[in-house]
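Architecture at a glance
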Amino acid sequence: MNPAEPAGEALLSLRGVGKTYPARARGMARLARVVTRRPEQDGVRVLDGVDLDLARGEAVGIVGRNGAGKSTLLQIACGMLQPSDGTVSCTGRIAAMLELGAGFKPEFSGRENVVLNAALYGLDEAAIAERLPRIAAFADIGGYFDRPVSEYSSGMFARLAFAVCAHVDADILVVDEVLAVGDGAFQTKCRRFMEDFLTRGAVLFVSHDENLVLSVCNRAIWLEAGRPVASGAPQEVLRRYRHAVELGGGDGMAMPHAGERPQHPPLAGEDARRGRNAIAVSPFLADAPSHGNGGAIIDDVRFAGPDGRRLERLDGGETVALVFEGRALRDLERPIAGFIFRDRGGQNMFGDNTYLAYRDAPVAIEAGQRFRAVLEFDMPLLPDGIYSVAPSLIEGTQRNHVHLFWMEEALVLTVDGSPVSIGKIGVPTRIECDVLEDEDTAARPLVAARKSV
Amino acid sequence: MGGGIGLQAFWRPLETLLRNGQLYRRVLVRDIQSTFRGSALGLAWIVVIPLVLVAIYTFVFGMVLSSTFSIGTRTRIEVPLLFFTGLTVFGFFMEVVGRSPNFIRENAVYVKKIVFPLEILPWVLIGTALFKFAINFALLLVFLAVFTGGVPAGALMLPLVLVPFLLMTAGLSWLLAAVGTYVRDLPHAIQALAPIIMFISPIFYSVQQVPAPFATLYYANPLTFVLESVRGLLFFDTAPSAAGLLVFAAASLLVFAAGYAFFQRARPGFADVV
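Residues numbered from 1 in each chain as written. Chains lettered and ligands numbered in written order. Predicted model: local features only at pLDDT ≥ 70, side-chain atom pairs only at ≥ 80, totals over all residues. Heavy atoms only, no water.

Within the largest apolar cluster, 177 residues are counted, with the highest numbers of intra-cluster contacts made by A:L204, B:F116 and B:W123. Take this core: its biggest share by element is 15 residues, from helix α4 (residues 78-106) of chain B. If we ignore the near neighbours within four places in the chain, the residues touching B:W123 are B:P13, B:L14, B:L17, B:Y24, B:L166, B:L167, B:A170, B:W174 and B:F256. (Core = buried A, V, L, I, M, F, W, Y, C linked by side-chain atoms within 4.5 Å. Buried < 20%, exposed > 50% of the residue type's maximum accessible area, 1.4 Å probe, protein only. Helix = DSSP H or I, 4+ residues; strand = E, 2+ residues; numbered from the N terminus. Contact = heavy atoms within 4.5 Å.)

Here is the structure:
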């Protein structure tokens, strides 16, 4: 990592910050450990060796996948969480926006919540009284300002919450993915506020909105499994991050989870055939999370064309062959190969296995032997998004079996350009409309003309 | 705690209250409002609840069990007032002690999402309970004036008892809040203990009615001293001894400072466990 030199004196400075969440979550023993200030011995390492300097006028964006430690880093920067190692020094006043409307109580009015929230952000009575009209104007929610917050829409809630944050006296704004709310006009307002704020303070924020990172940040830091992988100019850091995400590689995390993936067009230009459902397929992700009792390993999964070669591009609606190969580590009497096709939320969309086809004549594999299973199916039309294939090898029957080897995300598929407008999958639909005359309705063929999608 | 108790250890818990005065007031008002917002009777519940309790206890202890305070109760009305006094003091203590173990977790947002002086949260509990206490105590003085023809001059000595009592309760609140944040059994344990504490505290009887070997033991319960002193001052023209006041004040200050120090010590780990 290469921490870029800050322009001026650092308002906030992190040196070698690491965080280990204790393995034992609570209880008397934990309390004793904290009170006697014994260091943590074991636990989950979520942050490791992070350096960061933030000077006035600077905006630093943190990018990385879910679980990469971004939010933990922000909490440490704000002083809510104690780092396990390293030091945090802060000379400025921090306003933390880790959750929009944190501390809002639904049964109280917008005005009452604003007053308390402003006090929480450190404003005194005079300042609150003076800013209240400005906050109300910024939030722009009209008469709802004096209605209980429980009656608000989520958009109104966000506007009000952000309005408070925008009017507190802070040197450093720490923002966790909260600006992606509200309508376009409000977003513009937020962005303008950020730019204005940067003339007097500094911003540290986490966002999945690449455009926001690019337009606001002077620097970006990419965290991967708690460690800074890259730091520097946002364009460069984002390029590398995007590249890693597309490969699905990185540090053994195959696929980002819901809401995590930045927008990217792997199929840009050349293949934007209208009406087609272009699907990009990642290489086999050997490092994807897997489990099983070790009776076998799967060492390659691919979509293959008629010649058996790996396909990097598929089309929804066409017949595809999912091929997986592997090796038995012991004698397997009744192995079953299968797969589950999932969407980015981890929902199972469809899947199949070899059980029924080979039920009466199971193929046994000897220890050390290689095997290959091919499952051919019609790829459905898919909406834009990210999907994954989880291949598995089990032994036994469908109902009673042991997992030999199960991979979570062996292949990641990206759909960009889809005819599907409603729902989770698309089905070719023939469409016909007609004005019906009275008597001859029954006589007509139901489908007179076809228009294929 | 933390390398001996210097004078600072007593000052720090007050200093944070002064430093965060405006914020404290806002959070306190919010806490009081939260309790009653949306209920039809609103703040009236503060008075209604103890009055109903007094009625019930007067019926059970006064009429069914016909127990009386051993020393010179003069009018019939004094028994319910004595119960009311005891319940008001006990109510203050139990409200703080009962709410403390869960209070940090209930306000997890102050731990994890906002930079907040967590150490004032027990002060919030004290403030809310004190607000209710003050209303009930004012009511008590009014009753006393109406039914006995005046408030005794001894009432002026009440702060000597009540201020240390408040500090001790605050100290316990810090301790229980810190432990309860880590140990989830504590709120349940306190809930189970509450009726026990109520009956082993001299609320419906005087410590003088307690058989000899136990009476001394009773003074291990800090509520005993408070209850006896308050009732003595208001009803029986007896003042607590100077030695008693001194010991109680010293013990209270110790609990106050130690509770706070313990809370501050345990606090860095809160974010990991809430």
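Residue and element names in this part refer to chain A. Extensive coverage of strand β18 (residues 385-396) is indicated by the burial of 12 of its 12 residues. Along β18, one buried face is formed by G385, Y387, V389, P391, L393 and E395 and the opposite face, lined by I386, S388, A390, S392, I394 and G396, is buried too. Two elements, strand β15 (residues 335-343) and β18, share 9 bridges in a ladder whose sense is antiparallel. Paired with F339 across the strands is P391, a residue of β18. One ladder, built from 5 bridges, connects β18 with strand β20 (residues 411-415); its direction is antiparallel. In the sheet register, I386 faces β20, and the bridge partner there is T414. Summarising the sheet, β18 and strand β19 (residues 401-407) pair through 5 bridges and their orientation is antiparallel. By the bridge assignment for β19, L393 is matched with F405. (Pairing = 2+ DSSP bridges.)

On the chain B side, the residues contacting the 34 residues of chain A number 29 residues. Inspection of the chain A/chain B interface yields 5 salt bridges. Linking A:E125 and B:R26 is a salt bridge whose minimum nitrogen-to-oxygen distance equals 2.6 Å. There are 8 residue pairs in polar contact (both at pLDDT 80 or more) connecting chain A and chain B. Mapped by element, the contributors of at least two residues to the side of chain A that touches chain B are β1 (10-22), α1 (28-35), α2 (70-78) and α3 (110-120) of chain A. The dominant element in the side of chain A that touches chain B, judged by the number of residues it contributes, is α3(A), at 6 residues. Each residue belonging to the side of chain A that touches chain B can be placed in one class, and the counts come to 18 nonpolar, 6 polar and 10 charged. (Salt bridge = Lys/Arg side-chain N within 4 Å of Asp/Glu carboxyl O. Polar contact = N/O pair within 3.5 Å; in protein donor to acceptor, adjacent residues only side chain to side chain. Nonpolar A, V, L, I, M, F, W, Y, C, P; charged D, E, K, R; others polar.)

Angle between the axes and distance between the axes are the two parameters that describe a pair of packed helices. Residue and element names in this part refer to chain B. Viewed as axis vectors pointing N to C, helix α7 (residues 158-182) and helix α10 (residues 222-236) meet at an angle of 155°, and their least axial separation amounts to 10 Å. For the element pair α7 / α10, the angle class is roughly antiparallel. Crossing of α7 over α10 shows left-handed handedness. Between α7 and α10, the contacting residues are L158, V161, L162, F165 and M168 on the first element and P222, L223, F225, V226, S229, V230, L233 and L234 on the second. Tallied by class, the residues present in the contact of α7 with α10 amount to 12 nonpolar, 1 polar and no charged. (Axes fitted to C-alpha atoms, helices over the stretch in contact; angles between N-to-C directions. Parallel < 35°, antiparallel > 145°, perpendicular 65-115°, else oblique. Left-handed = near helix turned anticlockwise from the far one by under 90°.)

As a further point, take the pattern of salt bridges. All names here are of chain A. Summed over all chains, the structure comprises 33 salt bridges over all chains. Ionic pairing is found between D196 and R200, a salt bridge with its closest N-O pair at 3.3 Å. You can call R200 partly exposed: its relative accessible area is 38%. Close ionic contact of R310 with D300 constitutes a salt bridge, the shortest N to O distance being 2.7 Å. On the criterion of sequence distance, the pair formed by R310 in the loop between β12 (296-304) and β13 (313-315) and D300 in strand β12 is long-range, its members being 10 residues apart. Assessed through its relative accessible area of 35%, R310 is described here as partly exposed. Bridged by salt links that share partners, the residues D299, D300, R302, R310, E325, R370 and R372 form one connected network.

The next subject is the confidence of the model for chain A. Residue and element names in this part refer to chain A. Confidence along chain A averages 79 in pLDDT terms, with 84% of residues attaining 70 or more. Across residues 249-274, confidence stays below pLDDT 50; counting only partners more than four residues off in sequence or on other chains, it has 73 contacts. The low-confidence segment residues 448-453 (pLDDT under 50) makes 12 contacts with residues lying over four places distant or belonging to another chain. (pLDDT = per-residue confidence, 0-100.)

So, on to helix α2 (residues 21-36) of chain B. In this model, α2(B) (16 residues) spans 23 Å end to end at C-alpha, consistent with the 22 Å of a helix rising 1.5 Å per residue. Considered for burial, the residues of α2(B) that qualify are B:L23, B:Y24, B:V27, B:L28, B:R30, B:D31, B:I32 and B:F36. Where α2(B) is buried, its residues contact α3 of chain A together with α1 (7-19), α3 (44-64), α4, α5 (108-112) and α6 (121-148) of chain B. (Expected span 1.5 Å × (residues − 1).)

Another point: the state of the cysteines. Any covalent bond linking the sulfur atoms of two cysteines counts as a disulfide. Considering all chains together, one arrives at 0 disulfides over all chains under this definition. Left without a disulfide partner, A:C90 is nearest to the cysteine sulfur of A:C78, which lies 8.8 Å away. (Disulfide = S-S within 2.5 Å.)

This next bit is on a nonpolar patch on the surface. On the surface, B:L41, B:W45, B:I49 and B:L53 cluster together to form a nonpolar patch covering roughly 350 Å² of accessible area. According to the relative accessible area criterion, B:L41 is partly exposed, its value standing at 47%. (Patch = residues over 30% accessible without salt bridge, like charges linked within 9 Å, V, L, I, M, F, W, Y side chains within 5 Å. Areas by Shrake-Rupley, 256 points an atom, 1.4 Å probe, with all protein chains shown as cover.)

Attention now goes to the environment of A:F186. Residue and element names in this part refer to chain A. Note that F186 resides in helix α6 (residues 184-197). With relative accessibility at 1%, the residue F186 sits in the buried group. Linking F186 and A158, residues 28 residues apart in sequence, is a C-alpha distance of 9.7 Å.

Residues and elements named next belong to chain A. One open sheet accounts for 6 strands, arranged β5-β6-β7-β3-β8-β9; its pairing is mixed. At either margin of the open sheet sits one strand with a lone partner, and together these are β5 (94-97) and β9 (227-232). On average, each strand axis in the sheet is inclined to that of its neighbour by 15°, with strand direction left out of account. Where strand β3 (residues 59-64) meets strand β7 (residues 202-206), 4 bridges bridge the pair, whose relative direction is parallel. Bridge assignment links A59 to a residue of β7, and that residue is V203. Relative to the sheet, α2 contacts β3, β5, β6 (172-176), β7 and β8 (219-224), its axis offset from that of β6 by approximately 155°.

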